[in-house]
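One letter stands for each residue in the lines below.
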Amino acid sequence: MDDTPSPQRPIRSYVLRAGRMGTGQQRALAELGPRYVLPYAAQPLDFAAVFGRTAPVVLEIGFGMGDATAQVAAASPERDLLGVEVHEPGVGALLRHIGERGLENVRILRHDAVEVLREMIPPASLAGVHVWFPDPWHKKRHHKRRLIQPAFVELLASRLAPGGYLHCATDWQPYAEQMLEVLSASSLANTAAGYAERPAWRPLTKFEARGLRLGHGVWDLVFTRTS
């Protein structure tokens, strides 16, 4: 496959794959989607209008099936979470969590994260950004597809409010090393001397817990905007 970027076809950090949706996910998408899934529009969001209140907003990029997102939202009712995910089964799964837990502090955008950040997130508006277990794109020729790249990190940094944080996590050591290199060279400040301890409020995913039992490593990185 030719990965050469062009103005019409930029390199994406994801590939849209067909995924099966369970009946519960389909029902949640139909019943709750109109309320909790925001339409993409090339204009800045008014967070107070979107969430119906003024509160710190945390952006989660690539929430998968939404388990961790729902746990964080339930444990932190004082914060609002905006989840970005391109895969419909994951959107349906998070909506199901929202319905079952009665979560009012979550909204979803099913769109490319780069375009969402560039067009919809106002500068200096986010209390935090979560990028947990993004696709590591193992093959060397695919490394350019990795999400954590210098230009993307600077875009993220511009959307963080002073004191806001970027929290990345990966279970792939070569990607962790690239993340640390890229983030250390950015305008953000590391909160640790290298990798950070996993914050207690970051839930363990089922895959992560299984990997830890097998002796696999997990690397957390927490950087902040200082000014």
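Residues numbered from 1 in each chain as written. Predicted model: local features only at pLDDT ≥ 70, side-chain atom pairs only at ≥ 80, totals over all residues. Heavy atoms only, no water.

Where an unreviewed UniProt entry is consulted, the chain appears under the name tRNA (guanine-N(7)-)-methyltransferase, with the organism given as Rubrivivax benzoatilyticus. The annotation that UniProt attaches to the chain under Pathway (unreviewed entry) is "tRNA modification; N(7)-methylguanine-tRNA biosynthesis." Database annotation for the chain, UniProt heading Sequence similarities (unreviewed entry): "Belongs to the class I-like SAM-binding methyltransferase superfamily. TrmB family." (UniProt positions renumbered as here; feature names shortened; annotations may be inferred.)

Turning to the sheet that holds strand β7 (residues 189-190), a few remarks are in order. The strand order β1-β4-β3-β2-β5-β6-β8-β7 describes an open sheet built from eight strands, whose pairing is mixed. Edge positions in the sheet fall to β1 (37-38) and β7, since each of these pairs with one other strand and no more. Sheet topology places strand β2 (residues 57-61) next to strand β3 (residues 80-84); five bridges connect them, and they run parallel. Each bridged residue has a counterpart across the sheet, and for Leu59 the counterpart in β3 is Leu82. Lying over the sheet, helix α4 (residues 88-101) contacts β1 and β4 (106-109), oriented at roughly 165° with respect to β4. Most of the contacts of helix α5 (residues 113-120) go to β2, to which it runs at about 150°, and overall it touches β2, β3 and β4. (Pairing = 2+ DSSP bridges. Helix = DSSP H or I, 4+ residues; strand = E, 2+ residues; numbered from the N terminus. Contact = heavy atoms within 4.5 Å. Axes fitted to C-alpha atoms, helices over the stretch in contact; angles between N-to-C directions.)

Here we come to the UniProt feature "binding site: substrate" (unreviewed entry) in the chain. Per the UniProt entry, the sites bearing "binding site: substrate" (unreviewed entry) are Lys139, Asp171, Thr205, Lys206, Phe207 and Glu208 in this numbering. Sequence-wise these annotated residues cover 70 residues; spatially they are dispersed, their C-alpha atoms as much as 24.7 Å apart. As for its placement among the helices and strands, Lys139 is situated in the loop between β5 (126-132) and α6 (150-159). Turning to its location among the elements, Asp171 is positioned in the loop between β6 (160-170) and α7 (173-184). Leaving out residues up to four positions away in the same chain, Asp171 has contacts with Phe133, Gly217, Val218 and Trp219.

Turning our attention to helix α8 (residues 206-213). Where α8 is concerned, the buried positions are Glu208, Ala209 and Gly211. Burial along α8 is one-sided: seen end-on, the buried residues are contained in an arc of 160°. Residues of α8 that are exposed and point more than 90 degrees away from the buried face comprise Lys206, Phe207 and Arg213. Directly beyond the C-terminal end of α8, a positive phi value near 90° is found at Gly215. (Buried < 20%, exposed > 50% of the residue type's maximum accessible area, 1.4 Å probe, protein only. Arc of directions from axis to C-beta.)

Next up on the list: the pattern of salt bridges. Two side chains bearing opposite charge may form a pair once their charged atoms approach each other closely. All chains considered together, the criterion is met by six salt bridges. When the shortest N-O distance is used, the salt bridge between Arg96 and Glu100 registers 3.2 Å. Taken together, the residues span about one helical turn, with Arg96 and Glu100 both in helix α4 at a distance of four residues. For Arg96, a relative accessible area of 41% translates into the label partly exposed. Of the charged contacts in the structure, one is a salt bridge between Arg202 and Glu208, with a shortest N-O distance of 2.8 Å. Residues Arg202 and Glu208 agree in their burial class; the two are buried. (Salt bridge = Lys/Arg side-chain N within 4 Å of Asp/Glu carboxyl O.)

Moving on, we get to the side chain of Asp80. The topology assignment puts Asp80 in strand β3. With relative accessibility at 1%, the residue Asp80 sits in the buried group. Within the local environment of Asp80, its side chain forms a polar contact with the side chain of Arg53, the two groups lying 2.6 Å apart. Sequence-distant contacts of Asp80, defined by excluding residues within four places in its chain, comprise Phe51, Arg53, Ala55, Pro56, Val57, Val58 and Asn105. (Polar contact = N/O pair within 3.5 Å; in protein donor to acceptor, adjacent residues only side chain to side chain.)

The contact between helix α3 (residues 67-75) and α4 brings their axes to 9 Å, and the two run at 30°. It follows from the interaxial angle that α3 and α4 lie roughly parallel. Note that α3 runs across α4; the crossing there is right-handed. The segment α3 lies against α4, with Asp67, Thr69, Ala70, Gln71 and Ala74 engaging Leu94, His97 and Arg101. Classifying every residue of the contact of α3 with α4 by side-chain character gives three nonpolar, three polar and two charged. (Parallel < 35°, antiparallel > 145°, perpendicular 65-115°, else oblique. Left-handed = near helix turned anticlockwise from the far one by under 90°. Nonpolar A, V, L, I, M, F, W, Y, C, P; charged D, E, K, R; others polar.)

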